[in-house]
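Summary of the model geometry
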Amino acid sequence: MTEENISPEETIKVFFAVWPDAAAQEKLSKLAGQLVSLCSGREINSFLIHLTLVFIGNVTSQQLETLHQVANEVKQLSFDLTMDEIQYWQHNRIVHVGPSQCPAELSALVNDLQNRLSQAGFSLEKRRYIPHITLVRKALCKNLPNLTTSITWHVNEWTLVQSKQTDQGSVYVSLDRWPLKEV
């Protein structure tokens, strides 16, 4: 939860996300291992498995402060998230899992964040939000198995995350987190 000090001219890459609980993360990691054996590619490390809510990109320290202010205004409900479909996006060669039905609370959280961020002057992607968790990158798949057992967890918080590149690959640092209201 440590926020890094950045000088006014430096930028860091950030996004908002939700993380699966430990049991769901373990199941997703195991599934990633099974999928990479079917599709080749590069399995996502278990500690990097997440669901992106809104990708922001590079921000300055001033913009980071604004992100915190915007996020503090968001008040949404907690929800159960069920991953029950495996898909392959050939155009960017990723295998991912997602929900066959997006929970209304997830849509509300993403829409609230996007609207508030746009009003605060952030330029966001214009494409439709498709909730998914990437499990394999650089994949080449012909046939995917059906997900025989869905993976569900209760989402009760969301996070602002910094993405860093190191010699060992990507590292995610949690900068802050916000609770979702229990019903």
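Keep in mind the model is a prediction, meaning the values are calculated, not measured. (Residues numbered from 1 in each chain as written. Predicted model: local features only at pLDDT ≥ 70, side-chain atom pairs only at ≥ 80, totals over all residues. Heavy atoms only, no water.)

1. A few points about the sheet that holds strand S6 (residues 94-98)
Pairing within the open sheet is antiparallel, and its four strands lie in the order S2-S7-S6-S5. Across the chains shown, the open sheet's two edge strands, defined by having one partner strand only, are strand S2 (42-43) and strand S5 (85-89). Examined bridge by bridge, S6 and strand S7 (residues 133-137) share three bridges and lie antiparallel to one another. Across the sheet, Val-97 pairs through a bridge with Ile-133, a residue of S7. (Pairing = 2+ DSSP bridges. Helix = DSSP H or I, 4+ residues; strand = E, 2+ residues; numbered from the N terminus.)

2. Focus: the state of the cysteines
Between two cysteines, a covalent bond joining their sulfur atoms is known as a disulfide. One pass over the full model with this rule turns up one disulfide. The disulfide partner of Cys-39 is Cys-141, and the S-S distance across this bridge is 1.9 Å. With the S-S bond torsion at 120 degrees, the cross-link from Cys-39 to Cys-141 turns out right-handed. Here Cys-141 lies in the loop between S7 and strand S8 (151-155) and Cys-39 lies in helix H1 (residues 22-39), a separation of 102 residues in the sequence. (Disulfide = S-S within 2.5 Å.)

3. Notes on the sheet that holds strand S9 (residues 157-166)
Pairing in this open sheet of four strands is antiparallel, and the strands run S3-S1-S9-S10 from one edge to the other. Pairing within the sheet leaves two strands with one partner each, and these edge strands are strand S3 (51-59) and strand S10 (169-179). Adjacent strand axes in the sheet meet at a mean angle of 25 degrees, parallel and antiparallel pairs treated alike. The sheet contact formed by S9 and S10 spans 10 bridges and is antiparallel. The residue bridging Gln-165 from the neighbouring strand is Ser-170, located in S10. (Axes fitted to C-alpha atoms, helices over the stretch in contact; angles between N-to-C directions.)

4. Brief notes about the pattern of salt bridges
Within the structure shown, the criterion is met by four salt bridges. Note that Arg-177 is salt-bridged to Glu-157, the shortest N-O span being 2.4 Å. Residue Arg-177 is located in strand S10, and its partner Glu-157 is located in strand S9; the two are separated by 20 residues in the primary sequence. The class for Arg-177 is partly exposed, based on a relative accessible area of 32%. Through salt bridges with shared partners, a single ionic network connects Glu-73, Asp-112 and Arg-116. (Salt bridge = Lys/Arg side-chain N within 4 Å of Asp/Glu carboxyl O. Buried < 20%, exposed > 50% of the residue type's maximum accessible area, 1.4 Å probe, protein only.)

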